[in-house]
Amino acid sequence: APKMFSLGSWLPALPGLAWGWALLDALLQGLVGACAVSVLCSLLRVYLYIQCLNDPERQAEKQALGAQRRVLEPLHVVTLTAVLALVGSRVAALVVLEFSLRAVSTGLSLRKGAQSSQLYLLCQYSLGCGISCGLGFLLEGAPHSTCSLALAAGLAGLLATYARRLARHVCTLYELHSRAGYCGVCILLLASGHRIPRLLRNALAVAFGVADLAAVALINRDFLSAAEAVRFWTPLTICYTLLVIYMHEEPPQSAGGRAAYQTALVRMGGLFILLLTVGRWTDVFHVLVSLLGELWCLLCAGAMLEVCRRQ
């Protein structure tokens with residue numbers, strides 16, 4: 001395939017960012033990941049709103065969920081697309097592996113269903129990284145990879161649009177329609193809205209399962225020998241183990257609000273120190289970009305995090 005206008009010959013080089021078709025592919029992968037995060041947030045917003053509506057003591061939380069600004073949703077997708085396009089596949093793979101280990105550890109230590117909504121919100125950026133690097137790995141070397149990514153981005157955008165419309169419909173009219181009984185969507189949510197966490201859990205399990213396999217393959221392809229791989233994976237395993245221990249020492253009631261930002265800083269700080277010793281300088285830059293992406297996702301989900309904290 002011909003290069004797009006030979007952009008790389010006259011545009012400045014940025015750390016880990018290529019021009020031409022590679023840039024277009026990175027943007028499309030980031031867009032698919034950002035749309036997946038948007039669908040996750042919209043469905044969680046629907047579920048939490050219904051839960052607050054059924055509890056008379058949580059009307060303030062219901063109003064906070066319903067007051068989500070419309071301009072924030074497309075801005076969230078655009079910003080996250082840019083961040084995911086800029087982050088390299090190596091750091092994205094490390095973020096995916098770190099969250100997968102933390103999610104498995106959390107699921108084993110907590111009783112069934114405990115703080116599941118909280119964990120879904122904390123996985124936003126990791127999900128975007130997983131979708132992005134998974135697509136990059138699966139379509140690597142494909143003859144029509146750009147066309148495939150464009151089709152995937154179109155379908156993901158359609159799903160994200162309908163999920164946002166569903167969330168707006170529920171936050172505006174669900175209370176009226178669930179009583180009147182003449183809206184098919186609201187009647188369906190009234191009967192089976194409690195199954196949304198199970199749907200999200202199954203979808204995320206598949207997404208992170210594929211992303212973990214892609215992440216390991218993407219990281220291992222950079223090593224020329226087994227000894228070099230051991231020198232990288234050994235400190236990485238120690239770092240992730242210490243992070244998991246730190247997460248378990250956090251009190252459950254402090255999972256939301258300021259503690260979520262503190263946890264993100266500790267996680268990215270540990271990855272930053274690790275890559276200073278065994279990584280490349282572009283990896284260090286990508287970790288800083290990842291920190292911005294993580295904080296942005298937490299900021300956009302602030303109202304839902306507060307609802308989960310009070311549950």
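Residues numbered from 1 in each chain as written. Predicted model: local features only at pLDDT ≥ 70, side-chain atom pairs only at ≥ 80, totals over all residues. Heavy atoms only, no water.

Colleague: What should I look at first to understand the overall build of the protein in this one?
Modeller: Assigned secondary structure in the protein consists of 13 helices and zero strands. Each helix and strand of the protein, placed in order from N terminus to C terminus, yields the pattern α-α-α-α-α-α-α-α-α-α-α-α-α. Taking as baseline every contact in the protein between residues at least 6 positions apart, the subset at least 24 positions apart corresponds to 79%. When the accessible surface of the protein is totalled, it reaches about 15,800 Å², and 66% of it is carbon and sulfur. (Helix = DSSP H or I, 4+ residues; strand = E, 2+ residues; numbered from the N terminus. Contact = heavy atoms within 4.5 Å. Areas by Shrake-Rupley, 256 points an atom, 1.4 Å probe, with all protein chains shown as cover.)

Colleague: For this particular structure, what's the right way to read the environment of Leu 72?
Modeller: With respect to the secondary-structure elements, Leu 72 resides in helix 3 (residues 72-86). We classify Leu 72 as partly exposed; its relative accessible area is 24%. Residues Leu 72 and Cys 300, 228 residues apart in the sequence, show an inter-C-alpha distance of 7.6 Å. (Buried < 20%, exposed > 50% of the residue type's maximum accessible area, 1.4 Å probe, protein only.)

Colleague: What is the right way to look at the pattern of salt bridges in this model?
Modeller: Two side chains that carry opposite charge are able to pair once their charged atoms sit near each other. In the structure shown here, the tally under the stated rule is eight salt bridges. For the salt bridge of Glu 73 with Arg 164, the shortest nitrogen-to-oxygen distance reads 4.0 Å. Taken together, the residues Glu 73 in helix 3 and Arg 164 in helix 7 (residues 145-180) connect sequence positions 91 residues apart. Looking at Glu 73, the relative accessible area reads 12%, which means it is buried. Judged by its relative accessible area of 14%, Arg 164 falls in the buried class. Note that Glu 294 and Arg 267 form a salt bridge whose closest N and O atoms lie 3.3 Å from each other. Taken together, the positions of Glu 294 in helix 12 (residues 281-300) and Arg 267 in helix 11 (residues 258-278) put the pair 27 residues apart, joining distant regions of the chain. (Salt bridge = Lys/Arg side-chain N within 4 Å of Asp/Glu carboxyl O.)

Colleague: How should I be thinking about the packing of aromatic side chains in this particular structure?
Modeller: Within the structure shown, the criterion is met by one aromatic pair. Geometrically, the ring pair formed by Phe 99 and Phe 208 is tilted, given 5.2 Å between the ring centres and 35° between the ring planes. Here Phe 99, found in helix 4 (residues 89-109), pairs with Phe 208, found in helix 9 (residues 196-220); they are 109 residues apart in sequence, far enough to count as distant. Here Phe 99 matches Phe 208 in class, with each residue buried. Lying across the ring of Tyr 162, Arg 165 places its NZ or CZ 5.6 Å from the centre. (Phe/Tyr/Trp six-rings, centres within 6.5 Å; stacked < 30°, edge-to-face > 60°. Lys NZ or Arg CZ within 6 Å of the ring centre and 35° of its normal.)

Colleague: Got a minute to help me understand the packing of helix 6 (residues 124-138) against helix 9 in this structure?
Modeller: The geometry of a pair of packed helices is captured by two quantities: the angle between their axes and the separation between those axes. One can describe the packing of helix 6 onto helix 9 by two numbers: an axis separation of 8 Å at closest approach and a directional angle of 60°. Comparing the axis directions of helix 6 and helix 9 gives the class oblique. In the crossing of helix 6 with helix 9, the sense of the turn from one axis to the other is left-handed. Residue-level contacts link Ser 126, Leu 127, Gly 130, Ile 131, Cys 133, Gly 134, Phe 137 and Leu 138 of helix 6 to Leu 204, Ala 207, Phe 208, Val 210, Ala 211, Ala 214, Ala 217 and Leu 218 of helix 9. In terms of residue class, the contact of helix 6 with helix 9 is made up of 13 nonpolar, three polar and no charged. (Axes fitted to C-alpha atoms, helices over the stretch in contact; angles between N-to-C directions. Parallel < 35°, antiparallel > 145°, perpendicular 65-115°, else oblique. Left-handed = near helix turned anticlockwise from the far one by under 90°. Nonpolar A, V, L, I, M, F, W, Y, C, P; charged D, E, K, R; others polar.)

Colleague: What should I look at first to understand the environment of Leu 189 in this one?
Modeller: Mapped onto the elements of the fold, Leu 189 is located in helix 8 (residues 184-192). Excluding residues within four positions of it along the chain, Leu 189 makes contact with Val 46, Ile 50, Leu 166, Val 170, Tyr 174 and Ile 196.

Colleague: Help me understand the nonpolar core in this model?
Modeller: General note: in soluble globular proteins, nonpolar side chains tend to be found buried as a group. Core analysis: the biggest nonpolar cluster contains 84 residues, and Leu 40, Leu 94, Tyr 125, Tyr 240, Leu 271, Leu 275 and Met 304 have the highest contact counts within it. At 16 residues, the largest contribution of residues to this core is made by helix 1 (residues 21-53). Not counting residues within four places of it along the chain, the set of residues in contact with Leu 40 comprises Tyr 120, Cys 123, Gln 124, Leu 127, Leu 200 and Leu 204. (Core = buried A, V, L, I, M, F, W, Y, C linked by side-chain atoms within 4.5 Å.)

Colleague: Whenever I open this one, helix 7 confuses me. Can you help?
Modeller: Given 3.6 residues to a turn, an α-helix orients residues that are three or four positions apart in the same direction. Here helix 7 spans 48 Å end to end across 36 residues, near enough to the 52 Å set by a 1.5 Å rise per residue. If you look at helix 7, its biggest bend is around 70°, right at Leu 173. (Expected span 1.5 Å × (residues − 1). Bend = angle between axes of the 7 residues up to and from the residue.)

Colleague: Would you explain the side chain of Glu 294 in this entry?
Modeller: Judged by relative accessible area, Glu 294 falls into the buried class, the value being 2%. Within the structure, the side chain of Glu 294 is placed 3.3 Å from the side chain of Arg 267, a separation counted as a polar contact. Residues in contact with Glu 294, not counting those within four places in the same chain, are Leu 122, Tyr 125, Ala 264, Arg 267 and Met 268. (Polar contact = N/O pair within 3.5 Å; in protein donor to acceptor, adjacent residues only side chain to side chain.)

Colleague: When you look at the confidence of the model for the protein in this model, what are you seeing that I'm missing?
Modeller: As a general rule, the predicted coordinates of low-pLDDT regions are not to be interpreted in detail. Within the protein, residue pLDDT values average 80, and 85% of them lie at 70 or more. The secondary structure element of the protein with the lowest average pLDDT is helix 2 (residues 59-66), at 72, and the one with the highest is helix 6, at 91. Low pLDDT (under 50) marks residues 13-17, which in the prediction has eleven contacts with non-local residues, meaning those over four places away or in another chain. (pLDDT = per-residue confidence, 0-100.)

Colleague: I would appreciate a short explanation of the side chain of His 76 in the present structure.
Modeller: Following the sequence through the fold, His 76 ends up in helix 3. Since its relative accessible area comes to 8%, His 76 is described here as buried. The contact partners of His 76, leaving out residues within four places of it in the chain, are Val 37, Gln 124, Trp 296, Cys 297 and Cys 300.

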